[in-house]
Every structure is written in C-alpha cells, then in structure tokens.
Amino acid sequence: MQFPRKIAIFGSTGSIGRQALEVIAAHPELFEVTVLTAWKNAELLIEQALQYRPRVVVIGDEGQYPVVKEALQHTGICVLAGLQALEEAAAGEYDVHLAAIVGFAGLKPTLSAIRQGKTIALANKETLVVAGEWVMKEAQAHQAQIIPVDSEHSAIFQCLAGEQHNPIEKIILTASGGPFLGKKTNFLVNVKKDHALQHPNWRMGEKITIDSSSLMNKGLEMIEARWLFNLHPDQIEVIIHPQSVVHSLIQFTDGSIKAQMGLPDMKLPIQYALSYPQRLTNDFPRFSFKQYPYLSFEPPDTKTFRNLAIAMEVLRKAGNAPCAMNAANEEAVWAFLQNKIGFLEMSDVIEHALQKVDFILHPSLSDYEETDQLARHHARVLIEKIRHSI
Ligand code: NAD
Ligand code: MG
C-alpha cells in the first residue's frame, strides 16, 4: 500500500484513538484522517474533527447528533449518527481501518470494513474473542489484512517478519501482572475501582485497565492470538513480566526464541500497524538496559486470578463460549466500575453466565449476537442479586 494512507479511526476519542492521532500528526505527509467516530464524547470528537478535517465523522449516540452537526456546519464534513452509520462509514472510502472501539460494539463496524477488503489495524481484541473464527474467514475471503495493534500481538507479528514459511512451536504472551501482582484473595476481596484503575505500566481506557488488573485481559489476548496466528490452545503460554519491556516472544520449531522489546508505549505498535511493512523514524523515548538492569519472569497465579483460568478453559472450549465469557465480562467490569459488585465477584458473574448459556460449537453470526445478549442478561441478573445483598 502506498503513502499517503487514508486512515479511518473507529473510537477516535479513546486512549488508542487519541494516541493514533498523535502518530498521524507527527507524519502529516504520510497519513490523512478520513473518518473519526466516537460514542458519546461529542466535545472531543468536534475538536478532533476541526483539527484533522476528516471527510466523515460519526457519533454513535444519536442524542449528541445536533451538537456535532451544528459545530461542524460550514466545514464540509459529513456528520452521521447511530450504529448503522458506524457500519456504513466503515464501508466507505479509505485505506486503513483502525479498530479502536472498546468491546463487542467494535465487531460490526470491523466486519463491515473487512467485507470491503480494507486493511484492519486491530486494537479491539473483543472482536476476535467473540467471533475469531468467523472474522478470520471473512478476512481471508475478502483479502482484508489484519494487523494487530495490541502490544503483545504486535510483538509476535513483528517477530514473524521474514518467517512466513517457518512453523511456530509456541508463543509466550507477557503480562505485567497489573496492580495486584502477588496479592491473594483476602486482599482482592476488598479492592475498589480506584485502586484497580492504577495500572503500573500503561495508561489505557477503563475497561482494559480493569481487565488487566483481573488478568482477564491476558485471557482475552490468548484467544485473540489463537485466531490471529492460527494456533492450537496448547501453543499459547502466558508469563508474568512486571517490567513490560519484553512485549511477547515466539518460539520456532528449532527451539530458537525471538522477542520484541521496547518501552511500554502503545504509540509504537499503533505506528507499526499504520505504516506496515515500513518502519517510520520517530522521537519516542528509547529503552535502555541501564534503566532496566533486572528483568523478571514468573508464572501467573490462576488460582487467585480466576478470570485467567476461566479464559483458558473457554479458549479450549471455543464455539460460542468466548462470546458468552466476553459479554458477561463486559457487564461485570461495568458493574465493578459502578461499585455494584466486588472485584472477585466479577469471576462469579462470568462463571454464572457461562453456565446459563447453551453451548454452540459452530455458531452463526446471529448465534453470536444471541449469545452476547443472553450472557449479558444472565450476568445482569446475578449482578442485581449481588447488589441487593451488599
Ligand atoms: P477507551 O474506552 O479509551 O475508548 C473506546 C472508544 O470506543 C472511544 O472512542 C468510545 O467513544 C468508543 N466507544 C465506546 N463504546 C462504544 C460503542 N458502544 N459504540 C461505538 N463506539 C464506542 O478504550 P481504549 O483503551 O482506547 O481501548 C480500545 C480497544 O483497544 C479495546 O478493545 C482495548 O482492549 C484495545 N486495546 C487498548 C489498549 C490501550 O492501551 N488503551 C492496548 C491494547 C488494546
Ligand atoms: Mg495487550
């Protein structure tokens, strides 16, 4: 793909979206912003639109449409609203779709882009967790390349450069361990959201920050990796690496291991996904061994962090189980963020929903939607029960 590239940012007001705009602003000769979308944050969306002058902006929440429309009148920017508009804009004219919406909501716009054969820079891991098999098949059918943005998957992807014909023995995903590394259940039972939102190494959106504190994020990433790199569950390992400078590792069938390293900064994997296969010069801070004389690695504690154990089981089970787990987890995380349930009860909610939803080995797209709805329903029922018992 040639430069300049037209970039559509779905979820431009989020942590990934904002960092992507910084990357783009540093290379105005290489990138052009064509689409910007947000859910509710009209103010920031308007500010971004006035600065980057896309062709289209979409505000998901239709109630905010008049505000955005008025602010952008006389600019020539097309303003749309609603979920259908997100899908339509995803099918429009541009080169790279940065999928930076959080949660299940990212699935449909991403699928719409895939069906147009767009290149997908994928941050929204939930898309592959929910319907990975389906999404990868569609991508193949429409020759849409998927380039990971998630730092671990970007690391594996970077290690695979030049290795197309060499089989992978296994991959090792690194995890920081989050703010509660080393803690046990007696501590976690009293944890509140303010503490869980204090990630030691990364500044991210609230949902992924809570997922990182419960290790669900790593479970989601195992499932994401399974589909991205076409691996068997046995080929995916997780290791806790609190410094977050080895972003992940890949072992080939000759036993050789490659790792990709760098400071924890999402701008690098974002930039790599937007400029792939080219590497662009930048002035991001550089890693130095002098500042990191000691790198450590230890196995994850899946007994205490039950979410990771649940995700590992679901990874093996496949079918609609990851979709159900993802939906229940989204509900559990929002409930925890609203102080409706405790930290450890997030796992109870997920297990409960998984038990309630019927297993389907080969789900259709509508099965995924039904599974998502049903799992959310069962999750909410338990959340309400817990809330009233507190
Ligand atoms: P965020 O919460 O900061 O931003 C989410 C974006 O999605 C916002 O622009 C919001 O307006 C939009 N959005 C939210 N709900 C929506 C809905 N229902 N419909 C349409 N748009 C909606 O999230 P983030 O941290 O930027 O993460 C985005 C995705 O990238 C997540 O899937 C996350 O797991 C993944 N990711 C993030 C990071 C990171 O460092 N932040 C790292 C790796 C992967
Ligand atoms: Mg990650």
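A quick note: this is a predicted structure, and the numbers were derived from the prediction, not measured.

**Quick notes on the overall build of the protein chain**
Of regular secondary structure, the protein chain possesses 16 helices and eleven strands. Radius of gyration (C-alpha) of the protein chain: 20 Å, near the 21 Å computed for a compact globule of 390 residues. Looking at the 390 residues of the protein chain, the share that counts as buried comes to 57%. Contacts spanning at least 24 positions in sequence make up 68% of the contacts within the protein chain whose residues lie at least 6 apart. For the protein chain, the accessible surface area stands at approximately 17300 Å², while carbon and sulfur atoms represent 51% of it. Positive and negative charge centroids in the protein chain, built from 36 and 43 side chains respectively, lie 3 Å apart.

**Looking at the pattern of salt bridges**
Within the structure shown, the criterion is met by 23 salt bridges. Linking Lys125 and Asp150 is a salt bridge whose minimum nitrogen-to-oxygen distance equals 2.9 Å. Remark: Asp150 occurs in the loop between β7 (146-148) and α7 (151-159) and Lys125 occurs in the loop between β6 (119-122) and α6 (126-141); sequence separation between them is 25 residues. Neither Lys125 nor Asp150 differs from the other in exposure class; each is buried. In this structure, Lys207 engages Asp211 in a salt bridge whose closest nitrogen and oxygen atoms are separated by 2.8 Å. Within this pair, Lys207 and its partner Asp211 are both found in helix α10 (residues 206-214), separated by four residues, close to a single helical turn. On the basis of relative accessibility, which here comes to 2%, the residue Asp211 falls in the buried class. Through salt bridges with shared partners, a single network forms among Lys125, Asp150, Glu152, Lys218 and Glu221.

**Overview of the domain arrangement of the protein chain**
Entries for the protein chain in the domain assignment read domain 1 (5-148), domain 2 (153-316) and domain 3 (319-390). Each of domain 2 and domain 3 has a C-alpha centre, and the two are 24 Å apart. Contact with domain 2, which involves 23 residues of that partner, is made by 19 residues of domain 3. For the pairing of domain 2 and domain 3, the buried interface totals around 1900 Å² over both sides, and the portion due to carbon and sulfur atoms is 73%. On the surface where domain 2 and domain 3 come into contact, there are two salt bridges.

**Some details on the coordination of the magnesium ion (ligand 2)**
For the magnesium ion (ligand 2), the full set of protein donor atoms is Asp150 (OD), Glu152 (OE) and Glu221 (OE), at a range of 2.1 to 2.2 Å. The sequence motif formed by the donor residues of the magnesium ion (ligand 2) is D-x1-E-x68-E. Within this pair, whereas Glu152 is found in helix α7, its partner Glu221 is found in helix α11 (residues 216-228), the two being separated by 69 residues in sequence. Note on Glu152: relative accessible area 7%, which makes it buried. A residue is classified by how much of its surface remains accessible, and Glu221, at 1% relative accessible area, is buried.

**Things to note about the packing of helix α1 (residues 15-25) against helix α2 (residues 42-52)**
Two numbers describe how α1 lies on α2: the axes approach to 13 Å, and their chain directions differ by 15°. With respect to α2, the axis of α1 lies roughly parallel. Viewed along their axes, α1 and α2 form a crossing whose handedness is left-handed. Across the interface between the two elements, Arg18, Leu21, Glu22 and Ala25 of α1 pack against Leu44, Gln48 and Tyr52 of α2. Here the contact of α1 with α2 is composed, by residue class, of four nonpolar, one polar and two charged.

**Focus: the packing of aromatic side chains**
According to the stated counting rule, one finds nine aromatic pairs in the structure shown. For the pair Phe287 and Phe289, a centre-to-centre distance of 4.8 Å together with 80° between the ring planes defines the contact as edge-to-face. Here Phe287 falls in the partly exposed class, since its relative accessible area comes to 22%. One aromatic cluster is present, formed by Phe180, Phe187, Phe336 and Phe343 through successive ring pairs. If you follow Arg226 out to its NZ or CZ, it ends over the ring of Trp227, 3.8 Å from the centre. In this structure, Lys267 is placed above the aromatic ring of Phe284, and the distance from its NZ or CZ to the ring centre is 5.5 Å.

**Looking at the site of ligand 1**
Close to ligand 1 lie 22 residues; Thr13, Ser15, Trp39, Glu126 and Gly205 are nearest. At 2.7 Å from an oxygen atom of ligand 1 is found a side-chain nitrogen or oxygen belonging to Thr13. Relative to its unbound accessible surface of 820 Å², ligand 1 loses 88% to contact with the protein. Within the shell around ligand 1, the residues separate by chemical class into twelve nonpolar, seven polar and three charged. Residue contributions to the shell around ligand 1 reach at least three from each of two domains, namely domain 1 (5-148) and domain 2 (153-316).

About the cut-offs
- Residues numbered from 1 in each chain as written.
- Chains lettered and ligands numbered in written order.
- Predicted model: local features only at pLDDT ≥ 70, side-chain atom pairs only at ≥ 80, totals over all residues.
- Heavy atoms only, no water.
- Helix = DSSP H or I, 4+ residues; strand = E, 2+ residues; numbered from the N terminus.
- Rg over C-alpha atoms; globule rule 2.2 N^0.38 Å.
- Buried < 20%, exposed > 50% of the residue type's maximum accessible area, 1.4 Å probe, protein only.
- Contact = heavy atoms within 4.5 Å.
- Areas by Shrake-Rupley, 256 points an atom, 1.4 Å probe, with all protein chains shown as cover.
- Lys, Arg positive; Asp, Glu negative; His and termini not counted.
- Charge placed at Lys NZ, Arg CZ, Asp CG, Glu CD.
- Salt bridge = Lys/Arg side-chain N within 4 Å of Asp/Glu carboxyl O.
- Domains from an automatic or database assignment.
- Buried area = accessible area lost by both parts, 1.4 Å probe.
- Donors = N, O, S within 2.8 Å, 3.2 Å for Na, K, Ca; no water.
- Axes fitted to C-alpha atoms, helices over the stretch in contact; angles between N-to-C directions.
- Parallel < 35°, antiparallel > 145°, perpendicular 65-115°, else oblique.
- Left-handed = near helix turned anticlockwise from the far one by under 90°.
- Nonpolar A, V, L, I, M, F, W, Y, C, P; charged D, E, K, R; others polar.
- Phe/Tyr/Trp six-rings, centres within 6.5 Å; stacked < 30°, edge-to-face > 60°.
- Lys NZ or Arg CZ within 6 Å of the ring centre and 35° of its normal.
- Near = heavy atom within 4 Å.
- Polar contact = N/O pair within 3.5 Å; in protein donor to acceptor, adjacent residues only side chain to side chain.

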